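Residue-level structural notes
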Amino acid sequence: YLSGGLEISLSVAIDFTGSNGDPRLPGTLHYIHPDGHELNDYEKALTAVGGIVGRYDSDQRFPVYGFGAKYNGVIRHCFQVGDS
């Protein structure tokens, strides 16, 4: 398909719903290790899949979206993560 002209665009979505647990607590899906070297399960999956699929992305830009977060008192079902 790629040799036939198919273009791939990698997009990422992050689940911010409460079912993932408190990201400050070890053992939860979004936990960020203080040493910065050990990846959580989400980071491992994104690195593994993104490292392969990203090579074939036509513009090398990877939009990141989030869902299920509550900020400013409003639950956001789909939002852009980051500035651009």
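Presented here is a report on the structure given in the accompanying data block.

Counting its secondary structure elements, the protein chain contains 1 helix and 5 strands. The linear arrangement of helices and strands in the protein chain, starting from the amino end, is β-α-β-β-β-β. A compact globule built from 84 residues should have a C-alpha radius of gyration of about 12 Å, whereas the protein chain, at 15 Å, is more than 25% larger. On the principal axes, the C-alpha backbone points of the protein chain span a range of 45 × 30 × 20 Å. The buried share of the protein chain, reckoned over its 84 residues, is 17%. A total accessible area of about 6500 Å² is found for the protein chain, and carbon and sulfur atoms account for 57% of it.

Along the chain, R24 falls in the loop between strand 1 (12-15) and helix 1 (41-53). R24 sits in the exposed class, given a relative accessible area of 67%. Spatially, the C-alpha atom of R24 lies 12 Å from that of N40, the residues being 16 residues apart in sequence. Here the side chain of R24 touches D22 through a polar contact of 2.8 Å, side chain to side chain.

With 13 residues, helix 1 ought to run about 18 Å at 1.5 Å a step, and its terminal C-alpha atoms sit 18 Å apart, in line with that. At the N-terminal boundary of helix 1, the capping side chain belongs to N40, with an oxygen 3.0 Å from the backbone nitrogen of Y42.

Let us now look at unusual backbone geometry. Here Q60, not a glycine, exhibits a phi torsion of approximately 60°, which is positive. Positionally, Q60 belongs in the loop between helix 1 and strand 2 (64-67). Overall, the relative accessible area of 46% leaves Q60 in the partly exposed class.

Estimated volume of the largest pocket: approximately 190 Å³. What lines the largest pocket is A13, I14, D15, F16, P23, H30, I32, N40, Y42, E43 and L46. Elements that contribute at least two residues to the lining of the largest pocket include exactly strand 1 and helix 1. When grouped by side-chain class, the residues that make up the lining of the largest pocket number 7 nonpolar, 2 polar and 2 charged.

Of the pairings in the sheet, the one linking strand 1 to strand 2 comprises 4 bridges and is parallel in character. When the sheet's bridge partners are listed, V12 is paired in strand 2 with V64. Alignment of strand 2 against strand 5 (residues 79-80), held across 2 bridges, turns out to be antiparallel. Looking at strand 5, one finds that G66 is bridged to F79.

All right, on to the pattern of salt bridges then. Oppositely charged side chains are able to pair whenever their charged atoms sit close together. Going through the model one piece at a time under the given rule, you end up with 1 salt bridge. The partner of R24 in a salt bridge is D22, and the shortest N-O contact between them spans 2.8 Å.

What counts as what
Residues numbered from 1 in each chain as written. Predicted model: local features only at pLDDT ≥ 70, side-chain atom pairs only at ≥ 80, totals over all residues. Heavy atoms only, no water. Helix = DSSP H or I, 4+ residues; strand = E, 2+ residues; numbered from the N terminus. Rg over C-alpha atoms; globule rule 2.2 N^0.38 Å. Buried < 20%, exposed > 50% of the residue type's maximum accessible area, 1.4 Å probe, protein only. Areas by Shrake-Rupley, 256 points an atom, 1.4 Å probe, with all protein chains shown as cover. Polar contact = N/O pair within 3.5 Å; in protein donor to acceptor, adjacent residues only side chain to side chain. Expected span 1.5 Å × (residues − 1). 1 Å grid on protein atoms, 1.4 Å probe; cavity = no way out; pocket = protein on both sides within 12 Å on 5 of 7 lines; lining within 4 Å. Points joined across faces, edges and corners; volume = space filled by probe spheres on them. Nonpolar A, V, L, I, M, F, W, Y, C, P; charged D, E, K, R; others polar. Pairing = 2+ DSSP bridges. Salt bridge = Lys/Arg side-chain N within 4 Å of Asp/Glu carboxyl O.

Read these as layout, nothing more, since geometry by itself doesn't imply function.
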